[in-house]
Amino acid sequence: MTTSSKPFNIDKQGVYEAYLRVRSNGGAAGVDGTTLDEFETDLKGNLYKIWNRMSSGAYFPPPVRAVPIPKKSGGQRVLGVPTVADRVAQTVVKQVIEPLLETVFLANSYGYRPDRSALDAVGVTRERCWKYDWVLEFDIKGLFDNIDHELLLRAVRKHVTCAWALLYIERWLTAPMLQEDGTMVERSRGTPQGGVVSPILANLFMHYAFDAWMARRFPDLPWCRYADDGLVHCRSETEAQTVREALAARLAECRLELHPMKTKVVYCKDQRRGGEYETVSFDFLGYCFRPRSVKGARSQKLFCGFTPAVSKPALNAMRATIRDLNIRTRTEVTLDDIARELNPKVRGWIAYYGRYTRSALYPMARYINQTLAVWLKRKYKRFHRRLGRARLFLEKIARENRRLFVHWQLGDGGELA
């Protein structure tokens, strides 16, 4: 249902569908402290307010809440968390602009797009590493924090003609950020990582900064990009260095820069061909690509191939997640309680990181088993000071009830070390 009394013709059903998307994604409260559950106590009224203000041109986004989160590689990344209402408003705009921009984006862009996933990018990279000896791995330093508003809006206006979508995109770009210490920071560049429209805006910026440029400048070289991480496959080290230099210059034109520590040229064939190479592995989307022993599909013989498996930072992040659950000291809970809490996380890890070189997840499984054995030792007196007996008892449970824990279904890696 729409009305002609408003300057902008926004469909109420579209606002409701935007809310449903926000609801399915969950998320924390913004600067107003309102959670999704609290927002829903007056759902009809809150959605009406969003529709009314957006239709009137009177919607002004509140500040985003700065939330620092740890990076797998160390350090912190600052997310800008919008309020629930603002996430709904951003989703309303995203529903309008995404179909338009999807017709523009190129096939080798995988990040934050419908019907595309990180595993798709890992899979295509795996195949290309078989065909090309060298790869340029690049990372853009602080992409979401440094996107130039003038250049971005030029790209947005080229493809988006909806007046109210343009209006609100401009307002979101300059919405201030509330820091943890209560200080308000004005923003003149960047689009907050954590916002609903930020990923698609970043993709549009990178479409012109890299994707379309790459297709023009090096049309015969395959590339893959996931947000600010990317790869270019090359035929020689010299070619890879040439691309690196050209890309650095191109990003400088777009007021961005390559991350000096995360950008490198990698030799991605096995070492038996002779020669010494400085860098022979790279991490991409949680996977480490490097030479490994691989069993042939037909011959079943081992050979050296350049293949992906879960990376060390990803494994460390899994261990940290398990450690943060404090399972070892929670002797008041049961083994079934632990399984219910742990299995959803482990199931997700196996679904993603188990796609390629599944055996590389065995250290994670062994770490969980070690954690459970220590929990048994502390919970039951008969296992005090007898960790070996606790392990044997856990092994007995695993044999009798294999389905209790997801990681016990991994195979040999699910057994106790």
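Above this text sits the structure in question.
Residues numbered from 1 in each chain as written. Predicted model: local features only at pLDDT ≥ 70, side-chain atom pairs only at ≥ 80, totals over all residues. Heavy atoms only, no water.

**Q** Help me out: how do you make sense of the packing of aromatic side chains in this one?
**A** Here the distance between the centres and the angle between the planes together describe a pair of aromatic rings. A full pass over the atoms with the stated rule returns 23 aromatic pairs. Plain terms: the ring middles of Phe210 and Trp213 are 6.5 Å apart, the flat faces sit at 45 degrees to each other, and that makes the pair tilted. Residue Phe210 and its partner Trp213 are both found in helix α9 (residues 198-217); the two are separated by 3 residues, about one turn of the helix. Phe210 gets classed as buried once you look at its relative accessible area, which sits at 1%. One aromatic cluster is present, built from ring pairs that chain together Phe138, Phe210, Trp213, Phe218 and Trp223. Over the face of the ring belonging to Phe60 we find Arg171, whose NZ or CZ atom lies 3.8 Å from the ring centre. Above the ring of Tyr380, the side-chain terminus of Lys379 is found at 5.8 Å from the ring centroid. (Phe/Tyr/Trp six-rings, centres within 6.5 Å; stacked < 30°, edge-to-face > 60°. Helix = DSSP H or I, 4+ residues; strand = E, 2+ residues; numbered from the N terminus. Buried < 20%, exposed > 50% of the residue type's maximum accessible area, 1.4 Å probe, protein only. Lys NZ or Arg CZ within 6 Å of the ring centre and 35° of its normal.)

**Q** Sorry, what's going on with the packing of helix α13 (residues 362-379) against helix α14 (residues 387-400) here?
**A** In a packed pair of helices, the relevant descriptors are the angle between the two axes and the axis-to-axis distance. Where α13 meets α14, the closest approach of the two axes is 8 Å, and the angle between their N-to-C directions is 115 degrees. Here α13 is positioned roughly perpendicular relative to α14, judged by the angle of their axes. Of the two possible hands of crossing, α13 and α14 adopt the one that is right-handed. Counted together, Asn369, Gln370, Leu372, Ala373, Val374, Leu376 and Lys377 of α13 and Leu387, Ala390, Arg391, Phe393 and Leu394 of α14 form the full contact between these two elements. Each residue belonging to the contact of α13 with α14 can be placed in one class, and the counts come to 8 nonpolar, 2 polar and 2 charged. (Axes fitted to C-alpha atoms, helices over the stretch in contact; angles between N-to-C directions. Parallel < 35°, antiparallel > 145°, perpendicular 65-115°, else oblique. Left-handed = near helix turned anticlockwise from the far one by under 90°. Contact = heavy atoms within 4.5 Å. Nonpolar A, V, L, I, M, F, W, Y, C, P; charged D, E, K, R; others polar.)

**Q** I would appreciate a short explanation of the pattern of salt bridges in the present structure.
**A** Where charged atoms from two side chains of opposite charge approach closely, those side chains can pair. Summed over the entire model, instances satisfying the criterion amount to 16 salt bridges. Residue Arg23 is joined to Asp37 by a salt bridge in which the shortest nitrogen-to-oxygen separation is 3.4 Å. Remark: Asp37 occurs in helix α2 (residues 36-39) and Arg23 occurs in helix α1 (residues 12-25); sequence separation between them is 14 residues. Through salt bridges with shared partners, a single network forms among Asp148, Glu150, Arg154 and Arg255. (Salt bridge = Lys/Arg side-chain N within 4 Å of Asp/Glu carboxyl O.)

**Q** Whenever I open this one, the sheet that holds strand β2 (residues 76-81) confuses me. Can you help?
**A** Sheet strands pair via backbone hydrogen bonds, and the direction of the pair is either parallel or antiparallel. With mixed pairing, the 4 strands of this open sheet are ordered in space as β2-β1-β4-β5. Edge positions in the sheet fall to β2 and β5 (184-185), since each has one partner strand and no second. As paired strands, strand β4 (residues 177-178) and β5 are joined by 2 bridges and run antiparallel to one another. Paired with Leu178 across the bridge in β5 is Met184. (Pairing = 2+ DSSP bridges.)

In short, the description is geometric, and any link to function would need to be established separately.
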